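Structural features, examined
Residues per chain, in single letters:
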Amino acid sequence: MAAQTFGNYINGEWITEGRGTFENRNPANTDEVVGLFVKGTAADIDTAAAAAEAAFPAWSAMAGPARGNLLYKVADILDRNFESIAADMTREEGKTLPEAKGEVRRSINIFRYFGGEGSRLGGSIVPSERDRVHMFAFRKAIGVVGLVTPWNFPSAIPAWKIAPALICGNTLIVKPASVSPLSAWRIVEACHEAGIPKGVINFVCGSGGELGAALVNAKPLKAISFTGSCEIGNWIHTEASKRRLRIQLEMGGKNPTIVLNDADFNSAVENTVNASMFSTGQKCTATSRVIVEEGIYDKFVAAVVERTKKLKVGDGMKPGVDIGPAVDKGQLETNLKYIEIARKEGLEPLCGGKQLTGTGPNGEDLSKGYFFEPTVFADVTEAMTISQEEIFGPVLAIMKGKDFEDCLRIANNIPFGLSASVQTQNLSRVFEFIYRMEAGLLTVNLPSAGVEYQLPFGGTKDSSFGPKEQGPAAMEFYSDYKTVYLKY
């Protein structure tokens with residue numbers, strides 16, 4: 001059966017005719033083409049931007065609760081198609097089906113959360129120093145917004161950008177990652193089915209270089225929100241700043257977990273392995289460095305290696321699989337490259353480090369996918385490459401700290417500052433970590449990865465730039481204030 005062709009969505013129409021396509025293949029079985037996607041062009045971005053600009057006055061003038069009702073409809077449509085959307089995600093991105101289901105559920109909850117914000121779009125009323133002057137400020141939309149989303153959370157990240165942008169009254173152009181565009185396409189499809197007016201949301205996928213440049217330079221654009229690599233984020237910052245666009249960037253991480261002598265040992269092991277290996281390590285909040293106090297170092301290394309060896313790697317659609325494939329050939333090659341770099345610096349993996357090509361736990365042929373063994377290195381020092389550079393794969397560097405102060409120093413000695421975790425039963429150490437750790441997202445006795453949508457999300461240092469995403473903080477990026485002084 002021929003693969004389905006998925007068009008771009010511009011001004012309320014699906015555009016498929018007369019265009020070239022690119023393949024979206026299953027990373028667990030590259031024989032399977034998940035779908036064909038129409039290659040968008042710079043001209044498509046310009047057309048989408050014009051459509052979004054034309055749709056902005058009516059959409060931004062619509063009452064907040066009415067916009068909220070449409071977001072509730074989007075959530076209901078996603079809910080009705082929950083199983084198939086999750087399966088699509090596993091087939092295109094590779095994460096296990098339970099992980100995909102969790103992500104789709106989160107996307108649904110995000111739309112419902114921001115749907116509710118339509119009835120709470122508030123401002124402030126304060127008393128004036130002057131007689132008979134009424135003062136207040138209220139939120140207003142900013143205009144046409146560009147959203148550039150990554151491949152690793154192909155539903156949740158588009159959802160947490162699209163929903164707050166829409167509820168604030170903005171119109172949008174969504175540019176998803178070409179590796180996994182179907183999950184974002186499903187959200188846009190739900191927006192179309194829900195009756196969101198034409199031009200309010202537009203979807204163009206294709207070459208990141210061509211479309212990214214066109215998006216940043218589109219005349220109607222007022223803001224751009226990006227999640228992805230530091231390299232591309234820095235480029236966007238430079239180019240968008242020339243136009244004084246509002247900018248929001250979420251980029252890389254090299255996230256530490258600190259494990260102290262008094263930690264609940266078994267929980268610390270499980271939290272570390274969960275955060276470093278699950279989702280094939282392809283999370284910006286994943287633990288890639290674990291810094292262990294020397295009193296339990298040897299025991300902890302042995303336990304992590306033992307637990308890691310038990311992980312089952314295979315097709316995420318199959319039962320009992322813990323770890324799916326790398327998302328594509330490029331990411332697999334990146335994982336392998338860093339293994340060789342570590343070896344050249346004197347390290348040898350205690351487990352893993354190789355591409356898997358044999359038979360999977362459910363009889364699947366691993367040679368047809370981009371499967372990689374979860375990998376653990378010990379005795380890693382601060383100067384080594386794998387303790388400094390983001391790999392974005394299931395590769396864990398275990399480091400030793402003399403005491404809490406040394407562990408914290410090592411944890412902070414990095415350009416990134418996205419997430420960090422501490423494993424300890426000492427309340428004073430917990431608060432020292434909370435106030436002194438240089439990261440925007442902290443966990444205590446939990447994995448470093450795994451956040452909820454009700455609170456701000458974002459990092460510090462080289463990991464992030466601009467206002468935070470998710471929770472009430474998301475409204476700050478997607479809206480501005482109009483302040484009124486009224487004499488009566």
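Just so we're clear, the structure is a prediction, and the values are computed from it rather than from any experiment.

Brief notes about the nonpolar core
- In terms of nonpolar packing, the biggest core is built from 69 residues, with Phe 111, Phe 114, Ile 162, Ile 196 and Ile 201 touching the most fellow members.
- For this core, the element with the most residues is helix α5 (residues 156-167), which contributes nine residues.
- Not counting the four nearest positions on each side in its chain, Ile 162 is found in contact with Phe 111, Leu 147, Leu 172, Val 174, Ile 187 and Ile 201.
- By size, the runner-up hydrophobic cluster in this structure holds 29 residues, among which are Phe 265, Phe 278, Val 304 and Cys 351.

Considerations on the packing of aromatic side chains
- In this structure the tally under the stated criterion is 13 aromatic pairs.
- Note on Trp 14 and Trp 185: the rings are 4.7 Å apart at their centroids and 35 degrees apart in plane angle, and the pair reads as tilted. Placement of the pair is Trp 14 in strand β3 (residues 13-15) and Trp 185 in helix α6 (residues 182-194), with a sequence separation of 171 residues.
- Measuring from ring centre to ring centre gives 6.2 Å for Phe 136 and Phe 138, while their planes differ by 25 degrees; the resulting arrangement is stacked.

Some points on the environment of Val 188
- Within the secondary structure, Val 188 sits in helix α6.
- In this structure Val 188 comes out as buried when scored by relative accessible area, which is 0%.
- Residues Val 188 and Phe 431 lie 243 residues apart in sequence; the distance between their C-alpha atoms is 43 Å.
- Not counting residues up to four positions away in its chain, the partners in contact with Val 188 are Tyr 9, Trp 14, Ile 201 and Phe 203.

Quick word on the environment of Gly 208
- Along the chain, Gly 208 falls in helix α7 (residues 208-217).
- Separated by 45 residues in the primary sequence, Gly 208 and Ala 163 have C-alpha atoms spaced 23 Å apart.
- Setting aside anything within four residues of it in sequence, one finds Gly 208 in contact with Lys 175 and Ala 213.

Here's the deal with the environment of Gly 352
- Checked against the element boundaries, Gly 352 lands in the loop between α11 (329-344) and β15 (375-377).
- Gly 352 sits 88 residues away from Gly 440 along the chain, and the two C-alpha atoms are 31 Å apart.
- Beyond its immediate chain neighbours, meaning those up to four positions away, Gly 352 contacts Glu 373, Pro 374 and Thr 375.

Side note on the sheet that holds strand β4 (residues 21-26)
- Read across the open sheet, the three strands follow the order β1-β5-β4; overall the sheet is mixed. The two strands at the open ends of the sheet, each matched to only one other strand, are β1 (5-6) and β4.
- Here helix α3 (residues 82-93) sits on the sheet and contacts β4 and β5 (29-38); the angle it forms with β4, its principal contact strand, is near 95 degrees.

Brief notes about the sheet that holds strand β6 (residues 123-127)
- A sheet is described by the order of its strands in space; here three strands give the open sequence β6-β7-β22, paired in antiparallel fashion. At either margin of the open sheet sits one strand with a lone partner, and together these are β6 and β22 (479-487). Between one strand axis and the next, the sheet turns by 15 degrees as a mean value, whatever way the strands run.
- Alignment of β6 against strand β7 (residues 133-141), held across five bridges, turns out to be antiparallel. For Val 126, the partnering residue across the bridge sits in β7 and is Met 135.

What counts and how
Residues numbered from 1 in each chain as written. Predicted model: local features only at pLDDT ≥ 70, side-chain atom pairs only at ≥ 80, totals over all residues. Heavy atoms only, no water. Core = buried A, V, L, I, M, F, W, Y, C linked by side-chain atoms within 4.5 Å. Buried < 20%, exposed > 50% of the residue type's maximum accessible area, 1.4 Å probe, protein only. Helix = DSSP H or I, 4+ residues; strand = E, 2+ residues; numbered from the N terminus. Contact = heavy atoms within 4.5 Å. Phe/Tyr/Trp six-rings, centres within 6.5 Å; stacked < 30°, edge-to-face > 60°. Pairing = 2+ DSSP bridges. Axes fitted to C-alpha atoms, helices over the stretch in contact; angles between N-to-C directions.

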